[in-house]
Amino acid sequence: MCLRGILSSYLSSMIAGETRMPTRATIIAVNKHLHPVRLATYSARCGNDPFLALELYKWNLHLSAAFQQVLAISEVALRNAIDQQLRTWNAYQPHHTRTGATHGADWLIDPARPLNSLTRGSRRTATQHATEADGNRDSKHPRKGAVITHDDVLAQITFGVWPKLLPTPNAGDASYRGRQVLWRDALPSEPIARPAQPGFTHGAAPRCQHHGSPQ
């Protein structure tokens, strides 16, 4: 069997959840085409046994897939919870350029301080992506050419942005004061649970997405 056939057969059996032991030729072929650096941690944990290393690699893939399902729901729930709180807070903040006025609820379009500085880069990128998404819409799409809204930009905000709005223990961080203000004034209540380690989920996401080695 050619190399493509060997790899295809192995991957198919893995996806199907089959438990039969792969042949030595399959093990060698798969190990050969997975970078040594990627397999190094698995091999070290398995006494350099190529079969066990591959089994551990498969287990980690399944674990990553399970995490992805949870993260997909958690990301949307976290995004919507924070957005709801920030909309309420932003709408009552005095406008820093228009005397006597307040900001609107759409904090991604008209952010009050310190949201304006904390999210400047991410808002710019998300707005660009929202504009590109509109450009990719079919000409018959009901929102083709529509004005970019807060919700359009929100949909493009990445998961990594949210931890940057939560408190940091580093008092020397340039965003320390602003993040404390948001945590105290804008995000004081449920449904946002206050985590002991806000960065945990953020750190887990990229490891799952890139099938990182077990820690």
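The following paragraphs examine the structure supplied in this document. (Residues numbered from 1 in each chain as written. Predicted model: local features only at pLDDT ≥ 70, side-chain atom pairs only at ≥ 80, totals over all residues. Heavy atoms only, no water.)

We now examine the side chain of Q93. Along the polypeptide, Q93 turns up in the loop between α4 (50-90) and α5 (115-118). Among the polar contacts listed, one links the side chain of Q93 to the backbone oxygen of W89, at a separation of 2.9 Å. Among residues more than four places away in sequence, those in contact with Q93 are A101, T102, H103 and A112. (Helix = DSSP H or I, 4+ residues; strand = E, 2+ residues; numbered from the N terminus. Polar contact = N/O pair within 3.5 Å; in protein donor to acceptor, adjacent residues only side chain to side chain. Contact = heavy atoms within 4.5 Å.)

Turning our attention to the packing of helix α2 (residues 24-33) against α4. For the pair α2 and α4, interaxial distance at closest approach is 10 Å and the crossing angle is 65°. Both α2 and α4 take part in a crossing whose hand is left-handed. Contacts from I27, V30 and N31 of α2 reach α4 at P50, F51 and L54. Split by residue class, the contact of α2 with α4 holds five nonpolar, one polar and no charged. (Axes fitted to C-alpha atoms, helices over the stretch in contact; angles between N-to-C directions. Left-handed = near helix turned anticlockwise from the far one by under 90°. Nonpolar A, V, L, I, M, F, W, Y, C, P; charged D, E, K, R; others polar.)

A rise of 1.5 Å per residue sets the reference length of helix α6 (residues 120-135), with its 16 residues, at 22 Å; its end C-alpha atoms lie 23 Å apart and thus fit the reference within 8%. Along α6, the positions that sit buried rather than exposed are S122, R123, A126, A130 and D134. All buried residues of α6 lie within an arc of 110° about the axis, which places them on one face of the element. Contacts from the buried residues of α6 go to α5 and α7 (150-154). (Expected span 1.5 Å × (residues − 1). Buried < 20%, exposed > 50% of the residue type's maximum accessible area, 1.4 Å probe, protein only. Arc of directions from axis to C-beta.)

Side chains of W59, L63 and F67 sit close together on the surface and give an oily, nonpolar patch of about 290 Å² of accessible area. Inspection of the secondary structure assignment puts W59 in helix α4. W59 sits in the partly exposed class, given a relative accessible area of 48%. (Patch = residues over 30% accessible without salt bridge, like charges linked within 9 Å, V, L, I, M, F, W, Y side chains within 5 Å. Areas by Shrake-Rupley, 256 points an atom, 1.4 Å probe, with all protein chains shown as cover. Salt bridge = Lys/Arg side-chain N within 4 Å of Asp/Glu carboxyl O.)

Next up on the list: the nonpolar core. One recurring pattern in soluble globular proteins is that nonpolar side chains are buried together. Counting 21 residues, the largest nonpolar core has L86, W107, L115, W162, L182 and L187 as the members making the most contacts within it. Of all elements in the fold, only α4, α7 and α8 (176-186) reach the threshold of two or more residues within this core. Among the elements that take part in this core, α4 stands out by supplying four residues, more than any other. Not counting chain neighbours up to four residues away, the residues in contact with W107 comprise D83, L86, R87, N90, L115, T119, R123, H150, L154 and W162. Counting 10 residues, the second-largest nonpolar core is a separate cluster that includes V30, L39, Y42 and C46. (Core = buried A, V, L, I, M, F, W, Y, C linked by side-chain atoms within 4.5 Å.)

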